[in-house]
Amino acid sequence: MKPGKGGAFVRTTLRNARTGAVIDRTFRAAERVEQAILDKRDMQFLYADGDDYVFMDTVTYDQLNVPPSALGDAANYLVPQATANLAMHDGDIVSVEIPASVELTIAETEPGIQGDRVSGARSRPRSRPAR
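Position numbers for residues start from 1 in each chain and track the written sequence from start to end. Predicted model: local features are reported for residues with pLDDT of at least 70 only, side-chain atom pairs are reported and counted for 80 or more only, and whole-chain, interface and lining totals are derived from all residues. Excluding hydrogens and water, the side-chain values take into account all heavy atoms of the structure.

Further remarks concern the sheet that holds strand β5 (residues 63–66). Strand order in the open sheet formed by 5 strands is β5-β4-β3-β6-β7, with antiparallel pairing between adjacent strands. Sheet topology places β5 and β7 (92–97) at the edges, where each strand pairs with a single neighbour. The sheet shows a mean angle of 40° between the axes of neighbouring strands, taken without regard to direction. Across 6 bridges, the pairing between strand β3 (residues 39–49) and strand β4 (residues 52–57) is antiparallel. Within the sheet, the bridge partner assigned to Phe45 lies in β4 and is Phe55. Any two strands with at least two DSSP bridges between them are considered paired. Helix and strand assignments follow DSSP, with helices taken as H or I runs no shorter than four residues and strands as E runs no shorter than two, numbered in order from the N terminus. Convention adopted: a line fitted to C-alpha atoms gives each axis, helices being fitted over their contacting stretch, and angles between N-to-C directions are expressed from 0 to 180 degrees.

With that settled, the discussion passes to the nonpolar core. Soluble globular proteins tend to bury their nonpolar side chains together. Only buried residues count toward a nonpolar core. Its members are Ala, Val, Leu, Ile, Met, Phe, Trp, Tyr and Cys residues joined through side-chain atoms within 4.5 Å. Classification of residues uses two cut-offs on accessible area relative to the type maximum, computed with a 1.4 Å probe and protein chains only: under 20% is buried, over 50% is exposed, and between them is partly exposed. Ranked by internal contacts, the top residues of the largest apolar core, which has 14 residues, are Tyr53, Phe55, Leu71, Leu86 and Val96. Listed by contribution, the elements that provide at least two residues to this core are β3, β4, β6 (83–89) and β7. We call two residues in contact whenever any of their non-hydrogen atoms come within 4.5 Å of each other. Ignoring sequence-local partners within four residues, the contact set of Val96 consists of Ala70, Leu71, Ala74, Ala84, Asn85 and Leu86.

The next point concerns the packing of aromatic side chains. Centres within 6.5 Å make a pair out of two Phe, Tyr or Trp rings, where for Trp the six-membered ring is used; the pair is then stacked when the planes are under 30 degrees apart, edge-to-face when over 60, and tilted otherwise. If you walk through the whole model with that rule in mind, you get 2 aromatic pairs. Relative to Tyr53, the ring of Phe45 has its centre 5.8 Å away and its plane inclined at 50°; by these criteria the two rings are tilted. Geometrically, the ring pair formed by Phe45 and Phe55 is tilted, given 5.5 Å between the ring centres and 55° between the ring planes. Highlighted residues: Phe45 in strand β3 and Phe55 in strand β4, separated in sequence by 10 residues. In this structure, Phe45 and Phe55 share a single accessibility class: buried.

Following the sequence through the fold, Ala29 ends up in the loop between β2 (22–28) and β3. Overall, Ala29 belongs to the exposed group, its relative accessible area being 54%. Sequence-wise, Ala29 and Lys2 are 27 residues apart; in three dimensions their C-alpha atoms are separated by 9.4 Å. Those residues in contact with Ala29 that sit more than four places away from it in its chain are Ala8 and Phe9.

What follows deals with the layout of surface pockets. Put simply, the largest pocket is a space of about 430 Å³. Lining the largest pocket are 14 residues, and of these Arg15, Asn16, Ala17, Arg18 and Ala36 lie nearest its centre. Any residue outside Ala, Val, Leu, Ile, Met, Phe, Trp, Tyr, Cys, Pro, Asp, Glu, Lys and Arg is labelled polar, Gly included; the first ten of those are nonpolar and the last four are charged. Considering only residue class, the lining of the largest pocket consists of 7 nonpolar, 4 polar and 3 charged. A 1.4 Å probe that fits into a set of points on a 1 Å grid over the protein atoms alone but cannot get out defines a cavity; an open set with protein on both sides within 12 Å along at least five of seven lines defines a pocket, and lining residues are those with an atom within 4 Å of a point. Grid points are joined across faces, edges and corners, and a volume is the space filled by probe spheres set on the points.

The rule for a salt bridge is simple: a side-chain nitrogen of Lys or Arg has to be within 4 Å of a carboxyl oxygen of Asp or Glu. Summed over all chains, the structure comprises 1 salt bridge. Its salt-bridge partner being Arg41, residue Asp39 comes within 2.8 Å of it at the nearest N-O pair.

To continue, consider the pairing of β4. Across the 6 residues that make up β4, a large majority, 5, are buried. With antiparallel pairing between neighbouring strands as the criterion, β3 and β4 make up a hairpin whose turn holds 2 residues, including Gly50 at a positive phi of roughly 70°. Following β4, the chain reverses through 5 residues before pairing antiparallel with β5; Tyr61 in that reversal takes a positive phi of roughly 65°.

Structure below.
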């Protein structure tokens with residue numbers, strides 16, 4: 001922004017990639033900011049090993065053990081052989097991108113209750129016009 005008087009400045013909204021915290025910050029136009037270099041890698045999920053998840057780099061075939069805390073909710077949707085994109089900064093995983101959809105098998109469901117059907121919903125009685 002260039003106000004009528006004074007020097008130009010830049011208003012930004014920054015997100016901490018590790019914690020997810022968002023802050024608003026204003027910088028002077030001449031101010032320099034250190035650039036964070038993210039290393040994004042396509043990794044294939046192999047298997048769960050105890051508490052950790054084992055991924056393999058699809059280019060170098062190196063294996064990487066990833067704790068569930070680094071994956072967040074994505075850990076619930078990992079299936080073997082699925083490819084995920086892991087973004088790393090200084091060796092720490094800062095974000096995980098998984099496929100938009102996965103195919104899962106239903107292992108157990110509760111039995112249905114009589115009358116608990118979507119198609120069996122009661123319809124409202126129609127009102128008749130007055131005579």
